[in-house]
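Structural overview for review
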Amino acid sequence: MPGAAGTIRVGDLRVNRMGYGAMRVCGPDVWGPPKDRAAAHRVLRRAVELGVNFFDTADSYGPHVNEELIAEALYPYPDGLVIATKGGLLRPHRHAWDPDGRPIHLRGALEGSLKRLKLECIELYQWHAPDPKVPFAESVGALAEMQRAGKIRHLGLSNVSVRQLAEARRIAPIVSVQNRYNLEDRSADDVLAECEKLGIAFLPWFPLGAGGCLKSAKLKKIAARLGATAAQVALAWLIARSKAMLPIPGTASSAHLEENLAAAKITLSADDLAALG
Ligand SMILES: NC(=O)c1ccc[n+]([C@@H]2O[C@H](COP(=O)([O-])OP(=O)(O)OC[C@H]3O[C@@H](n4cnc5c(N)ncnc54)[C@H](OP(=O)(O)O)[C@@H]3O)[C@@H](O)[C@H]2O)c1
């Protein structure tokens, strides 16, 4: 089902063009363990059963809990499953997401992710966000060094501008960017266009606006006509928006997971796309 919208290249990997953002299976505020650990395992396993072969996570989700849950539920991993994680943010408390782009931190973060995910190499390691306190090139240089050491297969960026993407690409090959993007927040349109031009993947975070997009009257009207849900139309719009797009909707619910993945089968008409702008 998630392959109904075709596949997309992430470096030399090819994955179905609807992935899964695992962040939501942590406790509230992406802090601590979920109330029901077995239920979290079930959602993660269900995603694989339904054909998802691209999972997005990060060491800061939980922190650590999200990666641990993925390994508990899915290790040994099925062939072809890409687990993309991220490093570069600290969680001193449940409401803080503080950048730490120091090479010493990034090296420790990667080692922690490798251990928790039970991997020797991360297939897509994304730098979670630039740290204004650390020279940009210093952080990217440290990641490039870890890639040369064989611990990272492909490097991705998150929360970057077009200028930062260009600067990173002068230091190391970059195969993806993950920025906030959805029907109601298109502020990363320039980065999306750049990814399309470069032939690299764009992963929209908050693809449903964390649920906020689903209140749109326009969306609901199109959904009702298609016999679909607002979430499905919001995801189908993302897929139609660019061939670089790799949505990673997040949910802790198996029902929402099935609903979201089924959006890969929906093709919006030119009129629908025009109505959504
Ligand atoms: N790089 C970054 O800085 C960054 C930041 C944020 C997120 N991310 C990544 O991006 C992924 C996606 O973002 P997200 O999970 O925050 O936001 P999202 O996908 O836009 O929305 C998830 C929210 O919408 C609800 N939802 C999901 N499917 C639904 C449906 N079919 N109907 C109604 N409600 C639905 C979920 O609740 P239920 O659990 O009840 O379904 C959850 O509260 C994350 O999982 C994470 O991997 C990255």
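Residues numbered from 1 in each chain as written. Predicted model: local features only at pLDDT ≥ 70, side-chain atom pairs only at ≥ 80, totals over all residues. Heavy atoms only, no water.

A word on the site of the ligand. Around the ligand, the surrounding shell holds 28 residues, and the nearest of these are Arg-24, Asp-56, Leu-208, Thr-251 and His-256. In the environment of the ligand, a nitrogen atom lies 3.0 Å from a nitrogen or oxygen atom belonging to the side chain of Glu-259. Here the ligand has 890 Å² of accessible area as a free molecule, and 85% of this is covered by the chains. Residue contributions to the shell around the ligand peak at 3 residues, all from helix 9 (residues 254-262). A class-by-class count of the residues in the shell around the ligand yields 13 nonpolar, 11 polar and 4 charged. (Near = heavy atom within 4 Å. Polar contact = N/O pair within 3.5 Å; in protein donor to acceptor, adjacent residues only side chain to side chain. Areas by Shrake-Rupley, 256 points an atom, 1.4 Å probe, with all protein chains shown as cover. Helix = DSSP H or I, 4+ residues; strand = E, 2+ residues; numbered from the N terminus. Nonpolar A, V, L, I, M, F, W, Y, C, P; charged D, E, K, R; others polar.)

Here we come to the pattern of salt bridges. Applying the stated rule across the entire model yields 16 salt bridges. A salt bridge links Asp-272 to Arg-225; its shortest N-O distance comes to 2.5 Å. Of this pair, Asp-272 sits in helix 10 (residues 270-276) while Arg-225 sits in helix 7 (residues 217-226), and the two are 47 residues apart along the sequence. Its relative accessible area of 55% is what places Arg-225 among the exposed residues. When salt bridges with common partners are traced through the structure, they connect Asp-12, Glu-123 and Arg-153 into a single cluster. (Salt bridge = Lys/Arg side-chain N within 4 Å of Asp/Glu carboxyl O. Buried < 20%, exposed > 50% of the residue type's maximum accessible area, 1.4 Å probe, protein only.)

Two elements in contact, helix 2 (residues 65-74) and helix 3 (residues 103-117), have axes separated by 8 Å at closest approach and are oriented at 30°. In terms of orientation, helix 2 and helix 3 fall into the roughly parallel class. Of the residues in helix 3, those touching helix 2 at Glu-67, Glu-68, Ile-70 and Ala-71 are Ser-113, Arg-116 and Leu-117. Considering only residue class, the contact of helix 2 with helix 3 consists of 3 nonpolar, 1 polar and 3 charged. (Axes fitted to C-alpha atoms, helices over the stretch in contact; angles between N-to-C directions. Parallel < 35°, antiparallel > 145°, perpendicular 65-115°, else oblique. Contact = heavy atoms within 4.5 Å.)

The next thing to look at is helix 1 (residues 37-49). Relative to the 18 Å expected for 13 residues at 1.5 Å per residue, helix 1 spans 18 Å between its end C-alpha atoms, a close match to the ideal helical length. Taken residue by residue, helix 1 has Ala-40, His-41, Val-43, Leu-44 and Ala-47 as its buried positions. In a view along the axis of helix 1, the buried residues occupy a sector of 160°, so they form one face of it. On its buried face, helix 1 is in contact with strand 3 (20-21), strand 4 (54-56), helix 2 and helix 9. Where helix 1 begins, one side-chain oxygen reaches toward the backbone nitrogen of Ala-38, 3.2 Å away; that side chain belongs to Asp-36. Note on helix 1: the residue one or two positions beyond its end, Gly-51, has a positive phi of about 105°. (Expected span 1.5 Å × (residues − 1). Arc of directions from axis to C-beta.)

Moving on to the packing of helix 5 (residues 162-169) against helix 6 (residues 189-198). One can describe the packing of helix 5 onto helix 6 by two numbers: an axis separation of 9 Å at closest approach and a directional angle of 35°. Seen from helix 5, the contacting residues are Val-162, Leu-165 and Arg-169; seen from helix 6, they are Asp-190, Val-191, Glu-194, Cys-195 and Leu-198. Considering only residue class, the contact of helix 5 with helix 6 consists of 5 nonpolar, no polar and 3 charged.

Taken as a whole, this structure holds 7 aromatic pairs when the rule is applied. Considering the side-chain rings of Trp-127 and Phe-136, the 5.2 Å spacing of their centres and the 50° angle between planes classify their relative orientation as tilted. For Trp-127, a relative accessible area of 1% puts it in the buried group. On the accessibility criterion, Phe-136 (11% relative accessible area) is buried. (Phe/Tyr/Trp six-rings, centres within 6.5 Å; stacked < 30°, edge-to-face > 60°.)

Let us look at the environment of Trp-237. Tracing the backbone through its elements, the reader meets Trp-237 in helix 8 (residues 230-241). Spatially, the C-alpha atoms of Trp-237 and Ile-266 are 9.1 Å apart, while their sequence positions differ by 29 residues. Among all residues touching Trp-237, those that are not within four sequence positions of it are Tyr-181, Asn-182, Leu-183, Arg-186, Leu-268, Leu-273, Leu-276 and Gly-277.

Turning next to the sheet that holds strand 3. The 7 strands are arranged 3-4-5-8-9-10-11 in an open sheet whose pairing can be described as parallel. Of all strands in the sheet, those bounded by a partner on one side alone are strand 3 and strand 11 (201-205). With 3 bridges connecting them, strand 9 (residues 152-158) and strand 10 (residues 176-180) associate as parallel partners. When the bridges of strand 10 are listed, Leu-157 appears paired with Val-177. (Pairing = 2+ DSSP bridges.)

The next subject is the pairing of strand 2 (residues 13-16). Bridging between strand 1 (residues 7-10) and strand 2 involves 4 bridges; their strand directions are antiparallel. Bridge pairing links Arg-9 to Arg-14 in strand 2. Where strand 1 hands over to strand 2, the hairpin turn is made up of 2 residues, of which Gly-11 adopts a positive phi near 65°.

The next thing to look at is the side chain of Asn-53. With respect to the secondary-structure elements, Asn-53 resides in the loop between helix 1 and strand 4. On the basis of relative accessibility, which here comes to 17%, the residue Asn-53 falls in the buried class. A polar atom in the side chain of Asn-53 sits 2.9 Å from the backbone nitrogen of Asn-16. Leaving out residues up to four positions away in the same chain, Asn-53 has contacts with Arg-14, Val-15, Asn-16, Gly-80, Leu-81 and Val-82.

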